[in-house]
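Structural overview for review
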Amino acid sequence: MEPTRNAPGGAGSVRNVQQHSTELRRELGLGDLVLTQLMYVVGSGWVGTAAKLGHAQVVYWLLAIALFYLPQAAVVIYLNRLMPLEGGLYQWAKVGFNEGMGFLVGWNLWVYTLILLSAFGLMVATTLGYVIGPSGAWFTSSKWYDGAVTGLLIGSMILVSTLGLRVGKWVHNAGGLAQALTFTALIVMPYIALARGTLPAYHPLQAQMPPLSLLSVNIFGKMAMGALSGFEYVAILAGETRNPERAIGRSVMIATPLIAMMFILGTSAVVAVVPAAQVDLISPIPQALTLGFRSFGIGAVFGPALAGLLLIRHIANVNYIFAGNTRLPVVAGWDGLLPAWFTRLHPKYRTPLNSILFVAGITLAFAVLGLVGVGLQEAFQLLDNAAGILYALTYLAMFALPLFGLRAFRRAPPWLRLAAASGLAVTVLYTVLSVLPIIDVPNVWSFALKIGGVVVGTNLVGVALFRAERRRRNARPGAGAPPAPLPGD
């Protein structure tokens, strides 16, 4: 169903995006989307965080799945069927609310993913150090090593993204398979230990009620928004997906139970072999597998082997995030909100080369700030801490669409509005608790003001950029009627 002509964004805007999307190659199929979601949504560290809760983790996961994860899947499927457009959530907010809101949603998502990208170099360098082993300690502990790995990683991102999803999808698929193999080994491990008698008992779905406290509520919010978000990101590449109206929705329905099983059973496996007080929050899976298989005499082998699989997943994941982040400037350029320079495609591969080079340059600059430890390090760290809130703001917009937006479409069904309200409430909870920390800090209000200041400042920059580009666009001859204003204009 198309939006009416006078709707925010308008039918002409939607058709413009659809027309531009035909210039892109449609490379992604259903299997690619499922594997990509297994890679992107399932973060390895969350099973360690949840394992700190002991057997209460089952209740927490089930609550997070019921109140956030399933509502998220339902809203993403619904919005994608209405608007299967390149740019995903940016386009949904633009059409459902107005152009200014869409730009701010895209801006928050772009900054969030940019911060993720800038930190991945150190993560890959650390994981590669585990693969190399102690023999490489003389060079893996140097800043030059971290810088070289970061530079090579950014170079690979440029190369893979330039070649396009015809190549990139195989990189992403490899990451999804590596993550699936990692969790399969983790889930199977307790049963093998039980059969060999090294584990006296194992009940993966054993549950106990968690204590109700501010700490437990905060952990619930982190597990929901932190661990279970990410389905919407695949829709950014809708214009490069074969039959996106069906494929993206079907991929979410297939991936949803698989991801839920990976998190719940993976956490149960960690709880079975690692005491809660000793869980390694950085590398809980290698730790659990090493302990679980130590009776075989090959426990030490699993560290490097799992590090290798995690390395594949990290490299694939960063390439996927980078590909999505380069598309946001492109769709904003199609709307005239960024210079047309961002929209130019490689003549052979039909990929947005200028946007790729721009995002790579910004990512490299942020990564260098993190490596050299200059005076801007504190500001960068504040931005890193605020990244989760920036991402949560995009989810607030997404869940608000079935409730308050989409006036150009038929009214969302009651069950979807109920799901959206649940997801919105959990996202608000996560956002508030992220601004007001419950851990010991020198000054709680100073911390909250700094984080809030970074979030507000980032969005003020986005507002300024939107208004400047809107004035530039409207100044061009034949620009036509001005677009819908930002809220408060």
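Quick summary incoming for the structure in this document. (Residues numbered from 1 in each chain as written. Predicted model: local features only at pLDDT ≥ 70, side-chain atom pairs only at ≥ 80, totals over all residues. Heavy atoms only, no water.)

**Focus on the overall build of the protein**
To keep it simple, the criterion reads: Segments assigned H or I by DSSP are reported as helices when at least four residues long, segments assigned E as strands when at least two residues long, and all are numbered from the N terminus. Residue contacts follow a heavy-atom distance rule, with two residues in contact if any of their heavy atoms lie within 4.5 Å. Where accessible areas are quoted, they stem from the Shrake-Rupley method and a 1.4 Å probe; at the residue level, only the protein chains shown are allowed to cover.
Counting its regular elements, the protein contains 17 helices and zero strands. For the protein, long-range pairs separated by at least 24 residues make up 82% of all intrachain contacts whose partners lie at least 6 apart in sequence. Carbon and sulfur atoms make up 68% of the accessible area of the protein, which amounts to about 20,200 Å² in all.

**Section: empty space enclosed by the protein**
Let me state the cut-off plainly: Cavity means a closed set of points on a 1 Å grid over the protein atoms alone, one where a 1.4 Å probe fits but cannot get out, pocket means an open set with protein on both sides within 12 Å along at least 5 of 7 lines, and lining means a residue has an atom within 4 Å of a point. Grid points are joined across faces, edges and corners, and a volume is the space filled by probe spheres set on the points. In the scheme used here, Gly and all other residues not listed as nonpolar or charged are polar, with Ala, Val, Leu, Ile, Met, Phe, Trp, Tyr, Cys and Pro taken as nonpolar and Asp, Glu, Lys and Arg as charged.
Within this structure, the stated rule accounts for two cavities of 30 Å³ or more. In the lining of the largest cavity, the residues fall into three nonpolar, two polar and five charged. Considered as a void within the structure, the second largest cavity measures approximately 40 Å³ in volume. Along its surface, the second largest cavity is lined by Val 160, Ser 161, Gly 164, Leu 165, Gly 168, His 172, Asn 319, Ala 323 and Arg 327. For the lining of the second largest cavity, the secondary structure elements donating two or more residues are helix 8 (143-163), helix 9 (165-196) and helix 13 (299-334).

**Brief notes about the layout of surface pockets**
Remark: the empty space left among the atoms is shown by a probe the size of a water molecule rolled over them. The calculated volume of the second largest pocket comes to roughly 400 Å³. What lines the second largest pocket is a set of 23 residues, among which Phe 103, Trp 107, Trp 110, Val 111 and Leu 465 lie closest to the centre.

**Let's talk about the environment of Val 463**
Going by this rule: Burial classification: accessible surface area is computed with a 1.4 Å probe over protein chains only, and a residue below 20% of its type maximum counts as buried, one above 50% as exposed, and the rest as partly exposed.
Relative to the helices and strands, Val 463 is located in helix 17 (residues 444-475). Overall, Val 463 belongs to the buried group, its relative accessible area being 17%.

**What about helix 11 (residues 244-273)?**
Think of an α-helix as 3.6 residues a turn; residues three or four steps apart then line up on the same face. Applicable threshold: The length a helix should cover is 1.5 Å for every residue beyond the first.
Relative to the 44 Å expected for 30 residues at 1.5 Å per residue, helix 11 spans 42 Å between its end C-alpha atoms, a close match to the ideal helical length. Across the 30 residues that make up helix 11, a large majority, 21, are buried.

**Some words on the side chain of Thr 427**
Tracing the backbone through its elements, the reader meets Thr 427 in helix 16 (residues 414-435). Not counting residues within four places of it along the chain, the set of residues in contact with Thr 427 comprises Phe 68, Met 225, Ala 392, Tyr 395, Leu 396 and Phe 399.

**A few points about the packing of helix 9 against helix 11**
In plain terms, the rule: The angle between two axes is taken between their N-to-C directions and runs from 0 to 180 degrees, where each axis is a line fitted to C-alpha atoms and a helix contributes only its stretch in contact. Between 65 and 115 degrees an angle is taken as roughly perpendicular, under 35 as roughly parallel, over 145 as roughly antiparallel, and anywhere else as oblique. Helix crossings are classified by the rotation of the near helix relative to the far one: an anticlockwise turn of less than a right angle makes the crossing left-handed, while a clockwise turn makes it right-handed.
One way to put it is that helix 9 packs onto helix 11 with a least axis distance of 8 Å and a crossing angle of 45 degrees. Here helix 11 runs oblique to helix 9, going by the angle between their axes. Here helix 9 and helix 11 pass one another in a crossing that is left-handed. Contact residues: Gln 179, Ala 180, Phe 183, Leu 186, Ile 187, Met 189 and Pro 190 in helix 9; Met 261, Met 262, Leu 265, Gly 266, Ala 269, Val 270 and Val 273 in helix 11. The class makeup of the residues in the contact of helix 9 with helix 11 is twelve nonpolar, two polar and no charged.

**Quick word on the nonpolar core**
For clarity, the threshold we go by: In plain words, nonpolar cores are sets of buried Ala, Val, Leu, Ile, Met, Phe, Trp, Tyr and Cys residues tied together by side-chain atoms within 4.5 Å.
Leu 79, Trp 92, Leu 228, Phe 231, Ile 259 and Met 398 are the most contacted members of the largest nonpolar core, which totals 137 residues. Look past the residues within four positions of Phe 231 in its chain and what remains in contact with it is Gln 37, Val 41, Tyr 69, Gln 72, Ala 73, Val 76, Val 252, Ala 255, Thr 256, Ile 259 and Tyr 395.

**Some thoughts on helix 9**
For helix 9, with 32 residues, the first-to-last C-alpha span of 45 Å sits near the 46 Å given by 1.5 Å per residue. The first or second residue beyond helix 9 is Gly 197, which carries a positive phi of 85 degrees.

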